Amino acid sequence: MADRVTVIGWDGSPFDPAARAALQAATLVAGAPRHLDLPEVPPHAERIQLGSVSRAAGRIAAHRGTAVVLADGDPGFFGIVRALRDPEHGLEVEVVPAVSAVAAAFARAGMPWDDARVVVANRRTLRRAVNVCRAHPKVAVLTSPGAGPAEIALLLGQVHRTFVICEGLGTDAERVSVLTSDTVSQHRWTDPNLVIVIGGSGSTQTGHSSWLAGLDPAAAAQPRGYGLERATYLPPAPGDAPESAGRDRHLRALQLAALGPGVGDLMWDVGTGDGIAAIEAARLGSAVIAIDRDSQACARTEAAARRLGLQVHTVHGAAPQVLEDLPEPDVIRIGGGGPRTLVACADRRPQRLVTHAMTRDQAEAAGRVLTGAGYTVECTLLQAVELETTDWSERGRTVVFLLVASRMPVPR
């Protein structure tokens, strides 16, 4: 095993004394080609180009001498330190960090970033990274070849954002560009780069403060709890009817519990109605597309989300036709639309899907459709009775069948 392993971060600025001393003593240096070409790398040291981190770690572990690993920015932040410390390799490392690429990018943009989400986009995680950009107003994306600014913008589609694209941070080729997402794919971008994706209805104002990294300050204004009364989210309007069984808050809470939407997911809320299920899914961190044939329902959903600083994208149109061009969902809630909509949603292969039925015959018919599509289906008859606690009289009663369809999970 190597006598000593030092991981040195590089941000384009001169190495500090600790980094220079470690490099001078190195008998093996690993890094990307741009790192190995630095003049501080001793000519007598063995050089390993980092391609497969696991293979490089194995060679470092077998080396007899002093090893240095060069990496961009802070190697402990989405960097190589985690891989080197994996028990498979058993390496104990010393770290000399530099300014992380994320910190440098926000500094170039003149923006705070304690409220930003940070994600890694590669070919495996690109779709989930884009879903985070849909759901949050400020996201830093560490890109990779094939999962860069153009791919992110194309997957965002009709969700408009502003991109701050930082290429070659800390090098002579550094360039910072600010564009709208609909123009990003018209340009060519050099690697490595980092993208700050900002916009939407959340708070990005510097006057707000937060206590938790990655938390949008607007979240502090959100109500506590889920499965809340409609009036918590929507101001009462003249002529409002009581909640129907299909929009009962208890049913909604169980639907969301079954779906489990979270950060990196995309939920379709088909037949969103009052939009509250979409809003509560967004509060859980999921990206949400709320679909309804009623333009007023879409407008109410947008307004309620905006008041809470949430990102909910609405699509006005009739299912199933309007679903054809939507991005791939992880989970789907069907609040209405009929058998053809159920078939169309199942054909998109979400990991989980929930719907409801008012009669047993309707529940059995829906269950057959979902089972035929390859899902495991559970059906529960739910009865909720709300009591007026002043005199304990019955205030409302709902009886509904809840159907939950699931398939084998895919690795995240």
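You'll find the structure just up there.
Note that residues are indexed from 1 along each chain, following the sequence as it is written. Local features are withheld for residues below a pLDDT of 70 in this predicted model, meaning they are given only at 70 or higher, and side-chain atom pairs are given and counted only at 80 or more; totals for whole chains, interfaces and linings count all residues. Processing note: side-chain calculations cover all non-hydrogen atoms of the structure and skip hydrogens and water entirely.

**Remarks on the side chain of T314**
For the purposes of this entry, the term helix denotes a DSSP run of H or I that reaches at least four residues, the term strand denotes a run of E that reaches at least two, and both are numbered from the N terminus. Checked against the element boundaries, T314 lands in strand β13 (residues 313-316). To sort residues, take the accessible area from a 1.4 Å probe on protein chains only and compare it with the maximum for the residue type: under 20% means buried, over 50% means exposed, and anything in between is partly exposed. In this structure T314 comes out as buried when scored by relative accessible area, which is 12%. What qualifies as a polar contact is a pair of N or O atoms within 3.5 Å, subject to a donor-acceptor requirement within protein and to the restriction that residues adjacent in sequence count only when both atoms come from side chains. Of the polar contacts made by the side chain of T314, one reaches the side chain of E302; its length is 2.4 Å. Pairs of residues are marked as contacts when any of their non-hydrogen atoms sit within 4.5 Å. Apart from residues lying up to four places away in sequence, T314 is in contact with A290, C298, T301 and E302.

**Topic: the side chain of N193**
For N193, the position within the fold is in strand β10 (residues 193-198). At 2.6 Å, the side chain of N193 and the side chain of T143 are in polar contact. One polar contact links N193 to D191, side chain to side chain, over a distance of 3.4 Å. Those residues in contact with N193 that lie beyond four places of it in its chain are T143, P149, C166 and E167.

**Digging into the sheet that holds β10**
Sheet strands line up and pair through hydrogen bonds in the backbone, either parallel or antiparallel. By this definition, two strands are paired if DSSP reports at least two bridges between them. Read across the open sheet, the five strands follow the order β6-β7-β10-β8-β9; overall the sheet is mixed. A strand with exactly one partner marks an edge of an open sheet, and here the two such strands are β6 (117-120) and β9 (175-180). Taking each pair of neighbouring strands and ignoring which way they run, the sheet shows an average axis angle of 20°. Relative to β9, strand β8 (residues 162-167) runs antiparallel, the two sharing six bridges. Within the sheet, the bridge partner assigned to V164 lies in β9 and is V178. Note on method: axes are straight lines fitted to C-alpha atoms, helices fitted across the in-contact stretch only, with angles between N-to-C directions ranging 0 to 180 degrees.

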